[in-house]
Amino acid sequence: MSALNRRESLCRLGALGLGCVPGVYAAEATSKTESPRLLVVMLRGAYDATNTLIPYSSSFYHEARPHLAIAKPSSDEYSAIELTAEWGLHPALRSSLFPFWQAKSLAFVPFSGLEDPSRSHFEMQDKIEFGRGARSSDYSSGFLNRLVAEISPIPPAMAFTGTLTPIFRGASRVPNMALENGVIRPVSPQEIERSEHIARMYEGTALAASVREGFETRQRVQQQLAGEMEAASRGATSPRGLGLAAPRIAKLLRETYRIGFIDVGRWDTHVGQGAATGVLADRLSELGSSLAVLAHELGALWAHTTVVVLSEFGRTFRENGNRGTDHGHGSVMWVLGGGVRGGRVLGEQVASEPQTLNQNRDWPILNDYRSVLAGLFARQYGLTSAALERIFPGAQPRDVGLI
Amino acid sequence: MSRTNRRHTFANWLQVCVLVCAGFWVSGVVQAGEREDVLWLNRLSFGATPQSLLELQKMGRGSWLTRQLRADTADPLPPAVQERINALRITQQTGLQLLTHQAELPRGDSKEARVATAKQIRAESAALRHETVERALLQAVYSPNQLRELLTWFWFNHFNVAAHGPVTIMALVGDYEQYAIRRHATGRFRDLLEAVVTHPAMLVYLNNNRNVRGRINENYARELMELHTLGVDGGYTQQDVQQLAKILTGLGTSQPGQEPAPEAVRFSQGMAEFVPKRHEPGGKVLLGQKIDREGWAQIQQALDVLARHPATARYISLKLARYFVADEPPPELISRLSKRFLESEGDISAVMQTLVMSPEFEASLGKKFKDPVQYVISAIRLVSPGEPADLRAHRIQGWLRLLEQPLYGRQTPDGYPMTAAAWNGSGQMTQRFDVALQIAQAHHGETPPKLLSRLLGSQDAWSQNVLLPGLSGRSRETLQEAQNQPVTWRQLLLSTPEFMFR
């Protein structure tokens, strides 16, 4: 379908007086390489940060995790990868993520999270996504939705998830669509006609804008992604989940969207989490590979992209009786991107000793995630302190030197 | 043919005639309050149908509700549905028999043999899970005990287990749903709680089978308070979590065929057991109360404390009100329901009576956004339920998967969310319209329409008298344009804004 036809079909809904999504055409018309891209990746289930960014120089770490601790860096491929004198990286990330560290486009912020006594996954995931701190009961919007509203012109944003989770809810309309499954087909004229009939029924109802946007997004995504070569069909292991979504997300970030969100589950390793190999190692390996694919597919745009990986909290410093770990507190945020001042572990840090643990149980939180993200957004988007206050009410922006 | 068989056949035919005639009766008589009754039924069932409306109008709301909430008995399923359910392995064999069969499969000497056995067990367990899906869908679509089915879904979701991963859960999710959940769905909360706490599916899911003296696992204790009883704001502390974890030690699963340990107490047909020597002895303190009994009695004491707690009354009332009234239920209503919960000692049907008879309930009708399960089942019930023998569970579960709410598919213990914001994102609305098309196409393919199946259409009397008057002008105009295209007409009907709500 030619560009003219595409524009026409996208705006046929507009001809019915329903309007097109503002900002989209502005983005398509101007050069696409200048605006910064942001992707937030939420790991649901509280991934074990302590075995990912490893405090290998602490003897307490090795005592506390007799079965789970990763060995100090050595020539053994199952030992921690040396990053600094204190910190190592899980060996499962050697081929995927370590090169970004070496290229100085990956940084870590340990001892980060949201200070809140609850160790409830569900409550904390929500609180982190809503971004109003631990004590707010305002659930009207999530922090990425508020960020969108503060950038001019309003950047197209999208949640690459099957449901619209809190992070993108709010006054700005943000579409959602899962990209992890199956083949993407081109749009048919019947689909367009059907969507017009249905959209007309919703005129004047509360769901009108949502319905209209859903059709537009679906049709736009299908136009941009239909006909892609599925490398998996060539006999290699089929990528699933984030692995399948990563190249698609890259393409959408190149073509249309500026801010995105995706989540990855199954990190809650209470039992048998494994050490250098095992359940956690497998998850980290999949995640690392997917991020590497994303960066590769973004090409020149990687220089203008920031990816933030975070989780609702960390896990217990000591292993439990089932060779796993339980709900903890302080976690580690990853920040990667072509423009990131990487190859460093940033923010406030302490040595991992029994006396520095929170409640003698888990890592403390020394770097509020909202402060860190506010500092990052301030630099990435040139935001004023008033804008930052609207995005993260009550948080103190801190520039820890990420970009 | 024996006399008994002849009587049954005659009874079946009589039933058929009554239902067919009833269908025609409804079409002829537009009773006062029909639209209101349909809205009422839409909320308290998986979707009003001409038959269910007729029943309601014959009995009146009070009697209908009382009948639906009976804890001791239930109305029989239509014979064709019962027949299909009776043919399932999960009906013919107990959970214990299913597990014993798996335990007795030859393990073999080689690694290959063991791997092959493991694969076989996994495949069989998945098949049992699918049978559970089939049974649940058959009842959601055809059961006369609609409110019990809704409450079964609600309580399963509240006490969620994910039937993926451990084969035990996959194999036993049907047993869990039937004996822990459905059996107690309209009974006493304390009974429901204990049935869940002593079921192997839950003990495996939240790792309590690994919670033993000297090796504490807190997972179940935390979720038992946060998600199942007090709620996250219920006022418990990390200390309470640790104490409850200790109280729950020794309660786990048993090995099929193994003799019980000395002084062990067994539950769930013997699939779960409390083993005293695995229990952390001594008194505990929970929520400021002394827990001073010993062994299994100590666990029961803790369950009493939790089930009677005012925070539990509030939290359960909030969840019931969220599911049956509104996303943000009025605080006044929650207060009244909590009070009823406490004074009735956790009688679920008493609380439901108060809820349904409340002015807040009446005022909320037609305004609650359907979650995907309610959407898909109500669509099937309305547009064409077809013959029970033809219901294709795989296909329906596929639609639910597209809409992100497959049965037994919620991975996390918090259950699926119950508010509109979780389900009405723009991408989800588009997906819903896709599913509406598939539902409309699917039943059109199954011609010719048999005596008991109704292919709802634009000329159908029920559409003309009950459905269409409830739609907006825009919806009716759009439907009018498709009146000669039955598939498109049905798809558009299922896509109307009005059909998205109950």
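This text gives an overview of the structure that appears in the document.

Reading the values: the criteria
- Along each chain, the written sequence defines residue order, and numbers are assigned to residues from 1.
- For this description, chains carry letters from A and ligands carry numbers from 1, given in the order in which they are written.
- Only residues with pLDDT of at least 70 are given local features in this predicted model, and only at 80 or more are side-chain atom pairs given and counted; all residues enter the totals for whole chains, interfaces and linings.
- Hydrogens and water molecules were not included; the side-chain quantities draw on all heavy atoms of the structure.
- We treat two strands as partners when DSSP finds at least two bridges between them.
- Secondary structure elements follow DSSP: runs of H or I no shorter than four residues count as helices, runs of E no shorter than two count as strands, and numbering proceeds from the N terminus.
- In this analysis, axes come from line fits to C-alpha atoms, helices being fitted only over the stretch in contact, and the angle between any two N-to-C directions falls in the range 0 to 180 degrees.
- An angle below 35 degrees is treated as roughly parallel, one above 145 as roughly antiparallel, one from 65 to 115 as roughly perpendicular, and anything else as oblique.
- We call a crossing left-handed when the near helix sits turned anticlockwise from the far one by less than a right angle, and right-handed when that turn is clockwise.
- Any two residues whose heavy atoms approach within 4.5 Å at even a single point are treated as in contact.
- In this analysis, the expected span of each helix is defined as 1.5 Å times one less than the number of residues it contains.
- Using a 1.4 Å probe on the protein chains alone, a residue whose accessible area is under 20% of its type maximum counts as buried, one over 50% counts as exposed, and one in between counts as partly exposed.
- Each aromatic pair joins two rings of Phe, Tyr and Trp (for Trp, the six-membered one) with centres within 6.5 Å, and gets the label stacked for planes under 30 degrees apart, edge-to-face for over 60, and tilted for any other angle.
- Two conditions define a charge sitting above a ring: the NZ of Lys or the CZ of Arg must be within 6 Å of the ring centre, and it must be within 35 degrees of the ring normal.
- Summed over both partners, the accessible area (1.4 Å probe) lost when two parts come together is defined as the buried area.
- Every case where a carboxyl oxygen of Asp or Glu lies within 4 Å of a side-chain nitrogen of Lys or Arg is listed as a salt bridge.
- Polar contact is the term for a pair of N or O atoms within 3.5 Å; when the atoms are in protein, one must be able to donate a hydrogen and the other to accept it, and sequence-neighboring residues count only if both atoms are side-chain atoms.
- Nonpolar residues are Ala, Val, Leu, Ile, Met, Phe, Trp, Tyr, Cys and Pro. Charged residues are Asp, Glu, Lys and Arg, and all others, Gly as well, are polar.

Residue and element names in this part refer to chain A. One open sheet holds the three strands; their spatial order is β2-β4-β3, and the pairing between them is antiparallel. Every interior strand has two partners, whereas the edge strands, β2 (53–54) and β3 (81–82), have only one. Here β2 pairs with strand β4 (residues 88–89) via two bridges, running antiparallel. Each residue of the ladder has a partner; that of Leu 53, found in β4, is Leu 89.

This next bit is on the environment of B:Leu494. One can find B:Leu494 in helix α25 (residues 486–495). Considered as a pair, B:Leu494 and B:Ile439 are 55 residues apart in the sequence and their alpha carbons are 8.8 Å apart.

All names here are of chain B. Helix α17 (residues 331–343) packs onto helix α16 (residues 310–324) with a crossing angle of 125 degrees between their chain directions and a minimal axis gap of 8 Å. Compared by their axis directions, α16 and α17 come out oblique. For the crossing formed where α16 meets α17, the hand is right-handed. Here Pro 310, Thr 312, Ala 313, Arg 314, Ile 316, Ser 317, Leu 318 and Ala 321 of α16 come into contact with α17, specifically with Leu 333, Ile 334, Ser 335, Leu 337, Ser 338, Phe 341 and Leu 342.

With 13 residues, helix α9 (residues 146–158) of chain B should reach 18 Å at 1.5 Å per residue; the first-to-last C-alpha distance of 18 Å fits that figure. Most of α9(B) sits out of view: 13 of its 13 residues are buried.

With that out of the way, let us pick up the sheet that holds strand β1 (residues 251–253) of chain B. Residues and elements named next belong to chain B. Spatial strand order, β1-β3-β2: three strands in an open sheet with antiparallel pairing. Lying at the two open borders of the sheet, with one neighbouring strand each, are β1 and β2 (265–267). Put simply, the sheet's adjacent strands are angled 30 degrees from each other on average, direction ignored.

The next point concerns the pairing of strand β9 (residues 331–336) of chain A. All names here are of chain A. In terms of residue burial, β9 counts as a mostly covered element, since six of its six residues are buried. Side-chain alternation along β9 places Ser 331, Met 333 and Val 335 on one buried face and Val 332, Trp 334 and Leu 336 on a second face that is also buried. Pairing geometry for strand β5 (residues 106–113) and β9, over five bridges, is antiparallel. The partner of Phe 108 across the bridge, within β9, is Trp 334.

Aromatic ring pairs are described here by two measures, namely the spacing of the ring centres and the angle between the planes. Residues and elements named next belong to chain B. The final tally for this structure, using the stated rule, is 37 aromatic pairs over all chains. Taking the centre distance of 4.9 Å and the plane angle of 80 degrees together, the rings of Phe 154 and Trp 155 count as edge-to-face. Side by side, Phe 154 and Trp 155 carry an identical accessibility label, which is buried. Clustering of aromatic rings is evident, with ring pairs tying together Trp 153, Phe 154, Trp 155, Phe 159, Phe 189, Tyr 323, Phe 324 and Phe 341. Above the ring of Phe 499, the side-chain terminus of Lys 370 is found at 3.4 Å from the ring centroid.

Most of helix α11 (residues 189–197) of chain B sits out of view: seven of its nine residues are buried. Restricting attention to buried positions, one finds in α11(B) the residues B:Phe189, B:Arg190, B:Leu192, B:Leu193, B:Ala195, B:Val196 and B:Val197.

Time to look at the interface of chain A and chain B. Taken together, the contacts link 32 residues of chain A with 44 residues of chain B. Of the roughly 3300 Å² buried between chain A and chain B, counting both surfaces, carbon and sulfur atoms make up 55%. The partner of B:Glu218 in a salt bridge is A:Arg361, with the nearest N and O atoms 3.5 Å apart. For the pair chain A and chain B, the number of links is 12 residue pairs in polar contact (both at pLDDT 80 or more). When residues of the side of chain A that touches chain B are traced back to their parent elements, those giving at least two are α5 (121–130), α7 (189–202) and α8 (208–225) of chain A. Residues that form the side of chain A that touches chain B fall into these classes: 11 nonpolar, 12 polar and nine charged.

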